[in-house]
Amino acid sequence: MAAHPGARDSVDMRLRRGARPATHHPQPATAGTPTVLAGGNVVMPTGTVKDGRVIVDGTRIAATAPENAPVLDLTGHYVVPGFVDIHNHGGGGASFTSGTVEDVLRGIHTHRLHGTTTLVASTVTGDLDLLAHRAGLLSELAEQGEIAGIHFEGPFISPCRKGAHSEELLRDPEPAQVRKLIDAARGRARMLTLATELPGGIDSVRLLVEHGVIAAVGHTDATYEQTVEAIDAGATVATHLFNAMPALGHRSPGPIAALLEDERVTVELINDGTHLHPAALELAFRHAGPARVAFITDAMDAAGFGDGRYMLGPLEVEVSEGVARLVEGGSIAGSTLTLDRAFKRAVTIDRLPVEDVVKALSANPARLLGMDDRIGSLEPGKDADLVVLDAHFDLKGVMRRGEWVVDPRLD
């Protein structure tokens, strides 16, 4: 989702004017010695520990610290695990589907400033050869540890539920074509969204499972029965549940009912107040339960950047007051959401327990990616990825692998 080519000068100008979020140079909590983050409400898998402690030793969380270890007082704050976004197309004026390596790194950094310490880079529908080429670039960034892998959203989706994808570039999910993208990602493909009711859909689900890639049902016109078949074949994620799929019906329940009722499925939710009515979010959370929800951004270039016109492949997008819509037709075109905003909304507007929100933003997506031995909770031995929030749930600090990306001491 690159910014409009004709608007590149204005994009660079906005960057120079500081439209991008303020940055702090990453720095260790305290170089060369364990540091104790003390006094905060530390959200652990077993619950919230008041006046808790998190000990950072190098890049990891430690169980103990020397008596003379430096202490950072976080009284009145919340300390939560770093956020994990499994569906993100870009930010900071940069797209993960196009642009240079520097552009992609700018997008990644934009989301880190908002608490996302682990990110899966999502592509959008495009020419298959171009997507394969893009997968090569993104896989190098995954090998360097900048991203956790690649998510292909399209081109194997339904023209009936295409959303902001170019219909001319859509195709059926023939296993050989799906395999082309898997191979191009060089073992870094994490997830692929497809309309499983299309010809080749079920065989492609099985192929994805065989190669250790998450099969996600989305942009689909499937019936309830067809969705059940896809889940039985190995599909385990609902791509932005409710969006780009038939509505829940009492005679024809469609994919939503099948995805919500099956314990094997994790449901993605975009909690920005635009994609979902609060009642729909509550329905999903209550029915799936806090262990099966993953909050995502589905962010595009404008996240953390600003209103204006952007390009989504060949489609022009207008972002106004933070809402992205296609210029032609008005369909919602991704979001400008960041996960710190999703967190605050979930607690202050949706009134969800902080512990459940942490599961949706950190623990559940980490488990889904098979990375919960390293990230997703503040347990000793795991990466020192964490977010500091104040009493109003506004972001005050971000640490990634023991280094402050946003330093609460400089607030």
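Preceding this section is the structure that the text describes.
A quick note: this is a predicted structure, and the numbers were derived from the prediction, not measured. (Residues numbered from 1 in each chain as written. Predicted model: local features only at pLDDT ≥ 70, side-chain atom pairs only at ≥ 80, totals over all residues. Heavy atoms only, no water.)

Another point: the overall build of the protein. Across its full length, the protein holds ten helices and 22 strands. Relative to the globule expectation of 22 Å for 411 residues, the C-alpha radius of gyration of the protein, 20 Å, shows essentially globular dimensions. Seen along its three principal axes, the alpha-carbon backbone of the protein occupies a region of about 65 × 50 × 40 Å. Each of the 411 residues in the protein was classed as buried or not, and the buried ones make up 58%. In the protein, once contacts between residues fewer than 6 apart in sequence are set aside, the share between residues at least 24 apart is 71%. Counting every atom, the protein has about 16,200 Å² of accessible surface; 49% of that belongs to carbon and sulfur. (Helix = DSSP H or I, 4+ residues; strand = E, 2+ residues; numbered from the N terminus. Rg over C-alpha atoms; globule rule 2.2 N^0.38 Å. Buried < 20%, exposed > 50% of the residue type's maximum accessible area, 1.4 Å probe, protein only. Contact = heavy atoms within 4.5 Å. Areas by Shrake-Rupley, 256 points an atom, 1.4 Å probe, with all protein chains shown as cover.)

What follows covers the pattern of salt bridges. Applying the stated criterion to the full structure yields 18 salt bridges. A salt bridge links Lys-162 to Glu-167; the nearest nitrogen and oxygen atoms lie 3.7 Å apart. On the basis of relative accessibility, which here comes to 27%, the residue Lys-162 falls in the partly exposed class. A residue is classified by how much of its surface remains accessible, and Glu-167, at 42% relative accessible area, is partly exposed. A salt bridge links Arg-264 to Asp-262, with the shortest nitrogen-to-oxygen separation between them at 2.8 Å. (Salt bridge = Lys/Arg side-chain N within 4 Å of Asp/Glu carboxyl O.)

Buried within helix 4 (residues 175–184) we find Val-178, Leu-181, Ile-182 and Ala-184. Elements that come into contact with the buried residues of helix 4 comprise helix 3 (128–143), strand 11 (150–153), strand 12 (189–194) and helix 5 (201–210). With its phi angle positive at about 50 degrees, Arg-186 sits one or two positions after the end of helix 4.

It is worth spelling out the packing of aromatic side chains at this point. Applying the stated criterion to the full structure yields four aromatic pairs. Relative to Phe-295, the ring of Phe-285 lies with its centre 5.9 Å away and its plane at 50 degrees, an arrangement referred to as tilted. Within this pair, whereas Phe-285 is found in helix 8 (residues 278–288), its partner Phe-295 is found in strand 16 (residues 293–296), the two being separated by ten residues in sequence. Here Phe-285 and Phe-295 have matching classes, each one buried. Within the aromatic cluster, the residues linked to one another by ring pairs are Tyr-78, Phe-83, Phe-343 and Phe-393. (Phe/Tyr/Trp six-rings, centres within 6.5 Å; stacked < 30°, edge-to-face > 60°.)

Turning next to the nonpolar core. In terms of nonpolar packing, the biggest core is built from 95 residues, with Val-80, Ile-86, Leu-241, Leu-269, Phe-295 and Phe-343 touching the most fellow members. The element best represented in this core is helix 3, accounting for eight residues. When neighbours within four sequence positions are excluded, Phe-343 is seen to be in contact with Val-80, Phe-83, Val-354, Val-357, Val-358, Leu-361, Leu-389 and Phe-393. Listed in part, the 14 residues of the second largest apolar core include Val-54, Leu-72, Val-79 and Met-399. (Core = buried A, V, L, I, M, F, W, Y, C linked by side-chain atoms within 4.5 Å.)

Before going further, it helps to spend a moment on helix 5. For helix 5, the full list of buried residues reads Gly-201, Ile-202, Ser-204, Val-205, Leu-207 and Leu-208. Residues of helix 5 that are buried in the fold lie against helix 4, strand 12, strand 13 (214–217) and helix 6 (224–233).

The subject of this paragraph is the pairing of strand 3 (residues 47–57). Regular strands have side chains that alternate between both faces of the sheet. In the sheet, strand 2 (residues 35–44) pairs with strand 3 via eight bridges, with the strands oriented antiparallel. The partner of Val-36 across the bridge, within strand 3, is Ile-55. Counted between consecutive antiparallel strands, the loop separating strand 2 from strand 3 contains two residues. Sheet topology note: the strand 3/strand 4 (residues 60–62) ladder contains three bridges and is antiparallel. Each residue of the ladder has a partner; that of Val-56, found in strand 4, is Ile-61. Between strand 3 and strand 4, which follow one another and run antiparallel, lie two residues, and Gly-58 among them has a positive phi close to 70 degrees. (Pairing = 2+ DSSP bridges.)

Contact geometry of helix 4 with helix 5 gives a least axis separation of 9 Å together with a crossing angle of 30 degrees. One way to sum up the angle between helix 4 and helix 5 is to call them roughly parallel. The chirality of how helix 4 crosses helix 5 is right-handed. Here Pro-175, Val-178, Arg-179 and Ile-182 of helix 4 lie close against helix 5, whose contacting residues are Asp-203, Ser-204, Leu-207 and Leu-208. Along the lines of polarity and charge, the residues of the contact of helix 4 with helix 5 split into five nonpolar, one polar and two charged. (Axes fitted to C-alpha atoms, helices over the stretch in contact; angles between N-to-C directions. Parallel < 35°, antiparallel > 145°, perpendicular 65-115°, else oblique. Left-handed = near helix turned anticlockwise from the far one by under 90°. Nonpolar A, V, L, I, M, F, W, Y, C, P; charged D, E, K, R; others polar.)

For Thr-297, the position within the fold is in the loop between strand 16 and strand 17 (308–312). As for Thr-297 and Asn-88, which are separated by 209 residues in sequence, their C-alpha atoms are 5.9 Å apart. If we ignore the near neighbours within four places in the chain, the residues touching Thr-297 are Asp-85, His-87, Asn-88, Ile-270, Ser-335, Leu-337, Thr-338 and Leu-339. Among the polar contacts made by the side chain of Thr-297, one reaches the main-chain carbonyl oxygen of His-87 at a distance of 3.4 Å. (Polar contact = N/O pair within 3.5 Å; in protein donor to acceptor, adjacent residues only side chain to side chain.)

Moving on to the side chain of Thr-336. Along the chain, the position of Thr-336 falls in the loop between strand 19 (323–326) and helix 9 (339–348). Once residues lying within four places of it in the same chain are set aside, the contact partners of Thr-336 are Met-300, Ala-302, Ala-303, Gly-304, Val-319, Gly-322 and Arg-341.

Turning to the packing of helix 9 against helix 10 (residues 354–368), a few remarks are in order. At a minimum axis separation of 10 Å, helix 9 and helix 10 run at an interaxial angle of 150 degrees. Taken together, helix 9 and helix 10 sit at an angle that is classed as roughly antiparallel. Viewed along their axes, helix 9 and helix 10 form a crossing whose handedness is right-handed. Facing Leu-339, Phe-343, Ala-346 and Val-347 of helix 9, the residues of helix 10 in contact are Val-354, Val-357, Val-358 and Leu-361. In terms of residue class, the contact of helix 9 with helix 10 is built from eight nonpolar, no polar and no charged.

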